[in-house]
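Chain residues, written in single-letter form:
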Amino acid sequence: MIIVKSPREIELMREAGHVVALVFETLRPMLVPGVSTLELDQKAEEVIRSHDCLPTFKGYGGFPGAICISVNETLVHGIPSSKIILKEGDIVSLDVGATYHGYCGDACRTYPVGIISGAAERLVKTTKASFFEGASKIKKGVHLGDISHAIQVFNESRGYSLTTDYTGHGIGSHLHEDPSIPNVGKEGTGPVLQVGMCLAIEPMVAEGKPNVRILGDGWTAKMKDGKLSAHYENTVVVTEEGYEVLTKLKTQTISDLKENDY
Ligand code: MG
């Protein structure tokens, strides 16, 4: 069942989303060669807790980190570690969840470390653009499959592939709620969107084949072919005429997010 949120619930999610965005603002300047993903995780947790939030992912299904940090060919769910050190040319995705007074915000950005290859740059920017392509379909009365289809076509037409092993999701007082939001799909299929539904839309895009393998830690999902992958996500709420992004600084607009490089 897809839960429609009240204005009060959406306000709490806006607060959570603001703190998620603060984590991105804080970590972005730290993404330099030599920093470990554990150091990034510790800073993220500090920011989240100091703003009256809880790190949503910590302990979720036993996940050990405060956030997920996935480098290069790691698609999602990278566990922060003192042994994973960023180096020049890496791309690193920061997937951040914050819970404010029982309500969640969930978003992801993929950032460059120093100067990255043209191929990596194109992948990261296409992944982000595909989020906004999917989101542009959102409004009251539209089918969920329209969003999935738009994300799929945008990425595949640029030579990339999308795993079906992971999807976006509804979100609210729980991190993962109905509906599941695949990154591939058909127009005119799936649930019909209503005002107040909250969705975490998250294209996870592979440069090569879409197959992933899970490491022995039970979490880290890597591309089987070792090629690059990127991830971009926001929590949004459906409105009459479109959508509002909840995982942004309160001072930011959707245009600001689009105009940001990453
Ligand atoms: Mg998510």
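Refer to the structure above for everything that follows.
Residue indices follow the written sequence of each chain, beginning from 1 at its first position. Note on the predicted model: pLDDT of at least 70 is required for a residue's local features to be given, and 80 or more for side-chain atom pairs to be given and counted; whole-chain, interface and lining totals, by contrast, use all residues. Side-chain figures throughout are based on the complete set of non-hydrogen atoms in the structure, without hydrogens or water.

## Section: the overall build of the protein
(1) Moving on: Only DSSP runs of H or I reaching four residues or more are called helices, and only runs of E reaching two or more are called strands; each is numbered from the N terminus. Looking only at helices and strands, the protein features five helices and 15 strands.
(2) Moving on: Relative to the 2.2 N^0.38 estimate, which gives 18 Å for 262 residues, the radius of gyration of the protein is 17 Å and therefore close to what a compact globule would have.
(3) Moving on: Overall size of the protein, expressed as C-alpha extent along the three principal axes, is 45 × 45 × 35 Å.
(4) Moving on: Buried positions account for 56% of the 262 residues belonging to the protein.
(5) Moving on: At a minimum sequence separation of 6, the contacts of the protein that also span at least 24 residues come to 71%.
(6) Moving on: Every accessible area reported is derived by Shrake-Rupley at a probe size of 1.4 Å, with residue values counting cover from the shown protein chains alone. With the model as given, the accessible surface of the protein reaches about 10700 Å², and the carbon-plus-sulfur share is 52%.
(7) Moving on: Residues scored as charged are limited to Lys and Arg (positive) and Asp and Glu (negative), so that His and the chain ends carry no count. The atoms used to mark charge sites are NZ of Lys, CZ of Arg, CG of Asp and CD of Glu. Averaging the locations of the 26 positively and 33 negatively charged side chains of the protein gives two centres separated by 3 Å. Note on method: radius of gyration uses C-alpha positions; expected globular size equals 2.2 Å times residues raised to 0.38. The buried label goes to any residue with under 20% of its type's maximum accessible area, the exposed label to any with over 50%, and the partly exposed label to all in between, with areas taken from a 1.4 Å probe on protein chains only. A contact between two residues is defined here by any heavy atoms of the two lying within 4.5 Å.

## Quick look at helix 2 (residues 37-50)
At 3.6 residues per turn, the α-helix brings residues three or four places apart onto the same side.
(1) Moving on: For a helix, the expected span equals 1.5 Å multiplied by the residue count minus one. The first and last C-alpha atoms of helix 2 sit 20 Å apart over 14 residues, in line with the 20 Å expected at 1.5 Å per residue.
(2) Moving on: If you check which residues of helix 2 are buried, you get Thr37, Leu40, Asp41, Ala44, Glu45, Val47 and Ile48. In an axial view of helix 2, the angular spread of the buried residues amounts to 165 degrees, which keeps them on one side of the axis.
(3) Moving on: Directly beyond the C-terminal end of helix 2, a positive phi value near 65 degrees is found at aspartate 52. Summarising the geometry, the arc corresponds to the directions from the helix axis toward the C-beta atoms.

## Let's talk about the coordination of the magnesium ion
(1) Moving on: Coordinating donors are taken to be N, O and S atoms lying within 2.8 Å of the metal, or within 3.2 Å when the metal is Na, K or Ca; because water is excluded from the atom set, some sites may appear incomplete. Coordination of the magnesium ion by the protein involves Asp106 (OD), His169 (NE2), Glu202 (OE) and Glu233 (OE), with metal-donor separations of 2.2 to 2.3 Å.
(2) Moving on: Taken in sequence order, the residues that donate to the magnesium ion follow the motif D-x62-H-x32-E-x30-E. In this pair, aspartate 106 sits in strand 5 (residues 103-112) while glutamate 202 sits in the loop between strand 9 (198-201) and strand 10 (204-206), placing the two residues 96 residues apart along the sequence. You'll find aspartate 106 and glutamate 202 in the same group, each marked buried.

## Thoughts on the sheet that holds strand 3 (residues 74-76)
(1) Moving on: Two strands qualify as a pair provided DSSP detects at least 2 bridges between them. Read from one edge to the other, the open sheet built from three strands follows the order 3-12-11, with strand pairing classed as antiparallel. Every other strand in the sheet has two partners, leaving strand 3 and strand 11 (212-214) as the edge strands with one partner each. Here the average twist between neighbouring strands, direction ignored, is 40 degrees.
(2) Moving on: In the sheet, strand 11 pairs with strand 12 (residues 221-223) via three bridges, with the strands oriented antiparallel. In the sheet register, valine 212 faces strand 12, and the bridge partner there is methionine 223. Axis definition: a line fitted to C-alpha atoms, over the contacting stretch in the case of helices. Angles run 0 to 180 degrees between N-to-C directions.

## Topic: the sheet that holds strand 15 (residues 243-245)
Sheet strands line up and pair through hydrogen bonds in the backbone, either parallel or antiparallel.
(1) Moving on: The strand order across the open sheet formed by five strands is 8-7-9-14-15, and the pairing between neighbours is antiparallel. In this open sheet, the two edge strands, each paired with only one partner strand, are strand 8 (177-181) and strand 15. Neighbour-to-neighbour, the strand axes of this sheet turn through a mean angle of 25 degrees, independent of strand direction.
(2) Moving on: Strand direction decides the pairing type here: strand 7 (residues 168-170) and strand 8, joined by three bridges, are antiparallel. In the strand pairing of strand 8, glycine 168 is matched with isoleucine 181.
(3) Moving on: Packing of helix 3 (residues 118-135) onto the sheet brings it into contact with strand 9, strand 14 (234-238) and strand 15, and relative to strand 14 it is tilted by some 10 degrees.

## Here's the deal with the pairing of strand 5
(1) Moving on: With ten of ten residues buried, strand 5 lies mostly within the body of the structure.
(2) Moving on: Side-chain alternation along strand 5 places Tyr103, Gly105, Ala107, Arg109 and Tyr111 on one buried face and Cys104, Asp106, Cys108, Thr110 and Pro112 on a second face that is also buried.
(3) Moving on: Pairing geometry for strand 4 (residues 91-100) and strand 5, over ten bridges, is antiparallel. Paired with aspartate 95 across the bridge in strand 5 is cysteine 108.
(4) Moving on: A loop of two residues connects strand 4 with strand 5, the two strands running antiparallel in sequence, and histidine 101 in this loop sits at a positive phi of about 45 degrees.

## Some thoughts on the pattern of salt bridges
(1) Moving on: The rule for a salt bridge is simple: a side-chain nitrogen of Lys or Arg has to be within 4 Å of a carboxyl oxygen of Asp or Glu. Using the criterion set out here, one finds eleven salt bridges in the structure.
(2) Moving on: Between lysine 5 and glutamate 177 there is a salt bridge; the shortest N-O distance is 2.7 Å. Taken together, the positions of lysine 5 in the segment before helix 1 (7-27) and glutamate 177 in strand 8 put the pair 172 residues apart, joining distant regions of the chain.
(3) Moving on: For glutamate 244, the salt bridge is made with arginine 14, and the minimal N-O distance between the two is 2.7 Å.

## Describing the environment of lysine 227
(1) Moving on: As for its position among the elements, lysine 227 is in the loop between strand 12 and strand 13 (229-231).
(2) Moving on: Sequence separation of lysine 227 and aspartate 41 is 186 residues, and the distance between their C-alpha atoms is 24 Å.
(3) Moving on: Other than its neighbours up to four places away in sequence, lysine 227 contacts Glu73, Glu207 and Gly208.

## Some remarks on the packing of aromatic side chains
(1) Moving on: Pairing of aromatic side chains here covers Phe, Tyr and the six-membered ring of Trp, requires ring centres within 6.5 Å, and sorts the geometry by plane angle: under 30 degrees stacked, over 60 edge-to-face, intermediate tilted. The full count for this structure, using the stated rule, is six aromatic pairs.
(2) Moving on: Here the aromatic rings of tyrosine 111 and tyrosine 262 are separated by 6.4 Å at their centres, their planes lie at 70 degrees, and the arrangement is edge-to-face. Of this pair, tyrosine 111 sits in strand 5 while tyrosine 262 sits in the segment after helix 5 (254-259), and the two are 151 residues apart along the sequence. Like tyrosine 262, tyrosine 111 is buried.

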